[in-house]
Amino acid sequence: MDIQLLTVGKTTTDYISKGIDIYTSRLRHYIPFSINTIGDIKGSRKMTEQQIKEAEGKEILNSVSPSDLVILLDERGTQYTSMQFSDFIQKQMLSGRKRTIFVVGGPYGFSDAVYQRANGKISFSKMTFSHEMIRLFFVEQIYRAMTILRGEPYHHE
C-alpha cells in the first residue's frame, strides 16, 4: 500500500519543511510515501471563502481515484492514540487497497463535495493547528505508526 499526503498550498516555513523532510526520509524505509501539493488557487483574492473551498475541492477530487481510500485531516474527525492510529494503518495495509490518501485542506476547510467523497476523517486534536504544522505532525505520526508496527523502540507506551 502507498500512503500519500495531499496538501493544499506549499509549506513555506523552513523549520517545518526540514522536519517533514526528516520524517519523510525515515518513512521511505518502511512504506511507499509521498507528499503531493495542490498549488494555491489563482485569482483567489477576488473569491469568497466558499468559492475558494469549491475550487480547492475540485483540485483535490481530481487528485484521487475511485479506488483510493481518502481520509481527511479535519478537526471534526475521530481522534486516535498513537497505538490506535498504528492499528488503523495496519488495517489499511492488510486491506489490499493500493493507495490511502490523507488530505490537509486549505485555510477554509473542505468543500461539501470533498466531504462526500471522503471515506473518513481524523482529528489530531480539538485544538486548531496551522496547515503547515499538521503536515509535520502527520508525517511524524505515520513514522511512529510504522515503528510501533515493527516493534521498534521509537514509541514508549
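Residues numbered from 1 in each chain as written. Predicted model: local features only at pLDDT ≥ 70, side-chain atom pairs only at ≥ 80, totals over all residues. Heavy atoms only, no water.

1. A closer look at the nonpolar core
Among soluble globular proteins, nonpolar side chains are generally buried collectively. Phe85, Ile89, Phe102 and Phe138 are the most contacted members of the largest nonpolar core, which has 26 residues in total. When residues of this core are traced back to their parent elements, those giving at least two are β1 (2-8), α1 (14-27), β3 (69-79), α3 (82-94), β4 (99-104) and α5 (131-149). With near-sequence residues (within four places) excluded, Phe85 lies in contact with Tyr80, Phe102, Ile122, Phe138, Gln141, Ile142 and Ala145. Counting residues in each nonpolar core, the second largest holds 12 residues, with Ile60, Val70, Val103 and Phe110 among its members. (Core = buried A, V, L, I, M, F, W, Y, C linked by side-chain atoms within 4.5 Å. Buried < 20%, exposed > 50% of the residue type's maximum accessible area, 1.4 Å probe, protein only. Helix = DSSP H or I, 4+ residues; strand = E, 2+ residues; numbered from the N terminus. Contact = heavy atoms within 4.5 Å.)

2. A word on the pairing of β1
Along β1, 6 of the 7 residues are buried, which leaves the element largely enclosed by surrounding structure. What joins β1 to strand β2 (residues 33-38) is α1, and the crossover it makes is right-handed. (Right-handed = clockwise from strand over helix to strand, strands pointing away.)

3. Re the environment of Gln90
Locating Gln90 in the fold gives a position in helix α3. Through-space distance from the C-alpha of Gln90 to that of Met146 is 8.7 Å; in sequence the pair is 56 residues apart.

4. Some remarks on the layout of surface pockets
By volume, the largest pocket is sized at about 380 Å³. Residue lining of the largest pocket: 21 residues in total, with Leu73, Asp74, Glu75, Thr128 and His131 positioned closest to the centre. Looking at the lining of the largest pocket, the elements with two or more residues in it are β3, β5 (120-123) and α5. Among the elements that make up the lining of the largest pocket, the one with the highest residue count is β3 (4 residues). Here the residues of the lining of the largest pocket are counted per class, giving 11 nonpolar, 7 polar and 3 charged. Looking at the second largest pocket, its volume works out to about 230 Å³. Around the second largest pocket sit 15 residues that line it, and Val8, Gly9, Asp40, Glu56 and Pro107 are the ones nearest its centre. (1 Å grid on protein atoms, 1.4 Å probe; cavity = no way out; pocket = protein on both sides within 12 Å on 5 of 7 lines; lining within 4 Å. Points joined across faces, edges and corners; volume = space filled by probe spheres on them. Nonpolar A, V, L, I, M, F, W, Y, C, P; charged D, E, K, R; others polar.)

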